[in-house]
Structures are given as C-alpha cells and as structure tokens.
Amino acid sequence: MKVQVDQSKCQGHNRCYAIAPELFDVDDMGNAFAIGDGVVEPHLAEKARLAVANCPEYAISIVE
Amino acid sequence: MTTLDEKSIYGPVTNWQTDFDHADPSYNENAHEIWSELRGTCPVAHTERYGGTWLPVTHELVHEIAYDTEHFSSRGVVVATVKPSDLPDAIPAPIGGAPPITSDPPFHQDARRILLPAFSPKIIDLWEPEIRLLCRELIADMKAADVVDAATQFAQHIPVNVIARMLGFPPEDGSVFRGFVHDVLEAINLEPGKRAEAFMALDAYVAKQVQDHIDNPRDDLTNFLLNAKIYDQPLSLQHVGGSIILLLIAGIDTTWSSIGSSLWHLATNPVDRRRLVDNPALMPTAIEEFLRAYAPVTMARVVKDDYNFHGNEMKQNDWVLLPFPAANRDPEEFENADQVLIDREVNRHAAFGLGIHRCLGSNLARLELRVAVEEFLAAFPDFELAPDEVVKWSVGQIRGPRELPVRINARTL
Ligand code: HEM
Ligand code: SF4
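An account of the accompanying structure is given in this report. (Residues numbered from 1 in each chain as written. Chains lettered and ligands numbered in written order. Predicted model: local features only at pLDDT ≥ 70, side-chain atom pairs only at ≥ 80, totals over all residues. Heavy atoms only, no water.)

**Focus on empty space enclosed by the protein**
Rolled over the atoms, a probe with the dimensions of a water molecule shows which regions are left empty.
Line of reasoning, step 1. All told, the structure shown has three cavities of 30 Å³ or more when counted by the stated rule.
Line of reasoning, step 2. The computed volume of the largest cavity comes to approximately 100 Å³.
Line of reasoning, step 3. Here the residues of the lining of the largest cavity are counted per class, giving nine nonpolar, five polar and two charged. (1 Å grid on protein atoms, 1.4 Å probe; cavity = no way out; pocket = protein on both sides within 12 Å on 5 of 7 lines; lining within 4 Å. Points joined across faces, edges and corners; volume = space filled by probe spheres on them. Nonpolar A, V, L, I, M, F, W, Y, C, P; charged D, E, K, R; others polar.)

Here is the structure:
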C-alpha cells in the first residue's frame, strides 16, 4: 500500500501532516508530500485511510 | 461604537429565500436552522439587498464556486453596501485592494507565495510557547471573578496580540485594530459614504505603521513585506499596505469567533467538557469538529459576467456569498451533520475554505484555537453560561459570540 499527494490539488490544509506525520511532510510553502516513496507500513494503514478521508481538497489517494 | 441595527439602510428580513440579509442580527443567531431550511427548499437563496446577492447553502455548490475562478472573482470578499464596481479608484482584478485575498489568477498565486513560508506549519509552531504564555496572562487577570466574559476578556485578545507581534505594530493599539475590524466586517449595511470613511482611517493607520518600519527597520512581517519582491520588483507600497490590512482583518474576528464558539460549546455541553478534561489527547480531533460545526467564516465572490448558475440568472457584479459554515453542515457531505461529535474522525471540513484561497493563516489559527481551549479548560475545568446574562452573537460574514458571560464553577490554581 502506498499514499500519494496530487500536487495540483493540494492547497496546504495540513490535515494529513497533523494526522500522520509518519507518512506526510510539508515543504516551505506548506504543501504536503508523501515521505520516501509513500509506502505505508501495515500498522499505519488506518492513519493513511484517515488522511485520505480528511483532506478537504481530495488530494490524497491510496494506490495498490 | 455604533450599533448596526440603528444604522442599517435595510429593514428586518421577512423571507430568507427571497429577501435574506446576512447582517440581520437574527441570521447569525439562527444560522444553522436557516441553512437547513434553505437546503430543503431552494439551495440558492437570493436578495435584492446590497445590489443583488446570492446564497448557495450546499457543500456541492459552495465547492463549485470556490473552484470556479473563471466566473467568480475575489475582487470583493465582504458583501456590503459598497461594491468594488462602485469605486472608480478601486484596484481592479486580478490584484484587488488586499492581495492575495482580493486577487484572481494568475496574480493571486504570485502574491500568495510571498506570504506562504511565513505561515507554514513548522514556522508557526515556534509561536506555541508565546501563545500559551499570553493565554495564561489573560487567565491570571480574570482568575478571581465568578463570572467572566470569555469573549471580551479572553478570546478576542489572543489573535490581536499575536498579529500585532508578528507585524511589529504597537501592542497597545489592540482596541484600535478591533475597531477597524469591526468597521470592515460588521459595519456593512451603513450608508456607503460612512463605510468609505472607515476605510480611509484604516489606510492612514497602516500607512503610518509602514512608514515607521521604513524609517526603523526590524525583524518582523512588515519589514519582510517591504523587502519582498514580485516579478523582480519590490512590492508597491499599495500592495504592502493591502496585505497588512488583510492580515489584520483576516486573523482577528475569525480566530476570536472560533475560540468563542468552542468555549460556548463547552459551556453548554458538560459531557464534552468533562471528556476533554479527562482525556486531553482527544483535543486535536475535537478542535477539528469545533472548526467544522462552528466554522466562523463565510466568504464572498463577485459575478464576473452575466451567468446562469444552475438555473439562477446571476448578473454581472452581483455578490455571491460562500458560506463554508453551511457547507460544513450539509448532510450530503457529513454524517449526522447537525450533531457536534468531538471524536468525529472522518471530517473533511471546509472551515478554512476550498481551492486556491485556502486560509493562509490556518496553521496559526488552529494553534491559537487549540492552545486557548487547552489553557481555559486547564484553569477552569467546570464552567457554564452565566445565568441571567445573554450571549451576544456577531453580525455579518464572521460568526461567533461577541459577549460570552460564563460562570466559573471550578478553578485550579
Ligand atoms: C479560525 C480562524 C480562521 C478561519 C476560520 C479562517 C478562514 C478563512 C477562509 C475560509 C479563507 C478563504 C477565503 C476565500 O475563499 O476567499 C481565508 C483566507 C485567508 N485567511 Fe483565514 N481564517 C482564520 C484565521 C486566519 C488567521 C489567523 C490569519 C492570519 C493571520 C488568516 C489569514 C488569511 C489570509 C491571508 C487569507 C487569504 C488567502 C488567499 O486569498 O490566498 N486567517 N481564511
Ligand atoms: S490534507 Fe490535502 S490539501 Fe491538506 S496538505 Fe494534506 S494533501 Fe494537501
């Protein structure tokens, strides 16, 4: 399982970073990106799903 | 200070579908019921007031307009008796008077990028100890009293002090800022000439502070803006002043309202209050729910050209209100939308807007809100609305309690 942030949709609400700092980081402009290659360890799967479900811009998706 | 009801050029609302007025005091008092009723009947209400204004109340329609910068301009974001198109000297789109909030693409993104780094989460988090200290000082000042006004003695001072420190403005001018914020956001239905006077006073005050920063540079946001460049040129003084006015206006009533509404909820819901006292780890989730359920900010857009929006014949220069708070209560988007559930984990709320104008201060606003509620609860684990006193709600696009008398039943020392 992997998470990815669509940079063209992300507006920097920072909900993902607050919910799952293990999976997301933010740049100087406050926009989010997935840490590393976005791979989600099984114990973080629930947090990944919550990040997807809380992004106001529908910018995060789960692949695989 | 003037009270609007005396001076409004409009009478009381008789019909919320065809003659609504967001500055009628009963609008903010009954907002949730009004939106719920409108959602079932029209989804887009209309009024001839303010020269023609529309009010969509579903999440879907609010989302659509927030994303549609082709038909809707941000040139005017506060619906009032004066329209940008009435003012021959107003700075036109895509820049507008207070960039980036009044700007449209493509200029908007360039103006916004200047400010973004100063408000990114990692920079904003550094303010936490100072905000906490400020909250504790405010609490210490009112500790002995049995009844305190959580809005005027506590909530309102937090954003005023923080933004004054960030901009490097005199902290003792807090009440001056609050006066300006009131004029811009609440004095919206006066004779147009009165409103222009209020704006002139605000411009003059900011120009004086900016000049002082040019003469005596220091390390703050005002000098940061004076040194910033756009398209390889320094920002015009007009742009610097406009952005400063934006930061003053955008951060104060909004955050004050949000802190006040959250404390109002805790004063009226003892079960939630006890849950948060016993389990502070729930706080971040509760804060997002307070932001959803009591979202304080409704924005506005100006219709660029005549446009048929889902069967509504919008005319050029009509106002369109963007009630993010109504979107947040739409049962099509949220389960149990009208219930406040402080452990709601799935909460895609739009309190900070949607699309390119996402609140630039959202990280700061969240921090102030969380720290304020944490400190208030830590000092006063038991409080309720003071019997025999009334809660007074704001008027206009920013919704929150302006007077919130609470009786303190337990305090820690
Ligand atoms: C709970 C408190 C707050 C709420 C609910 C809130 C809400 C909003 C909303 C909904 C917008 C979108 C405007 C639009 O779509 O036209 C916005 C924009 C903005 N807010 Fe906030 N705000 C809050 C606090 C703050 C604070 C503390 C600051 C800064 C000190 C701030 C600065 C801004 C700025 C600069 C914009 C314009 C962004 C742009 O146009 O790109 N806000 N805010
Ligand atoms: S929650 Fe969505 S919009 Fe916000 S930072 Fe994360 S990806 Fe971007």
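**A few points about the layout of surface pockets**
Line of reasoning, step 1. Taken as a whole, the second largest pocket holds about 650 Å³ of empty space.
Line of reasoning, step 2. When contributions to the lining of the second largest pocket are tallied by element, the ones reaching two or more residues are helix H1 (15–19) and helix H2 (45–54) of chain A together with helix H15 (283–293) and helix H17 (362–379) of chain B.
Line of reasoning, step 3. For the lining of the second largest pocket, a count of residues per class yields eight nonpolar, five polar and nine charged. (Helix = DSSP H or I, 4+ residues; strand = E, 2+ residues; numbered from the N terminus.)

**Section: the site of ligand 1**
All names here are of chain B.
Line of reasoning, step 1. As a matter of local geometry, ligand 1 sits amid 28 residues, with His108, Arg112, Arg301, His357 and Cys359 nearest to it.
Line of reasoning, step 2. Interatomic distance of 2.8 Å between a side-chain N/O atom of His108 and an oxygen atom of ligand 1.
Line of reasoning, step 3. In this structure, Arg112 approaches ligand 1 through a side-chain N or O atom, which is 2.7 Å from an oxygen atom.
Line of reasoning, step 4. At the level of elements, helix H5 (107–115), helix H13 (237–268), strand E7 (299–303) and H17 are the ones that each hand at least two residues to the shell around ligand 1.
Line of reasoning, step 5. The leading source of residues in the shell around ligand 1 is H13, at six residues.
Line of reasoning, step 6. Per-class residue counts for the shell around ligand 1 are 17 nonpolar, eight polar and three charged. (Near = heavy atom within 4 Å. Polar contact = N/O pair within 3.5 Å; in protein donor to acceptor, adjacent residues only side chain to side chain.)

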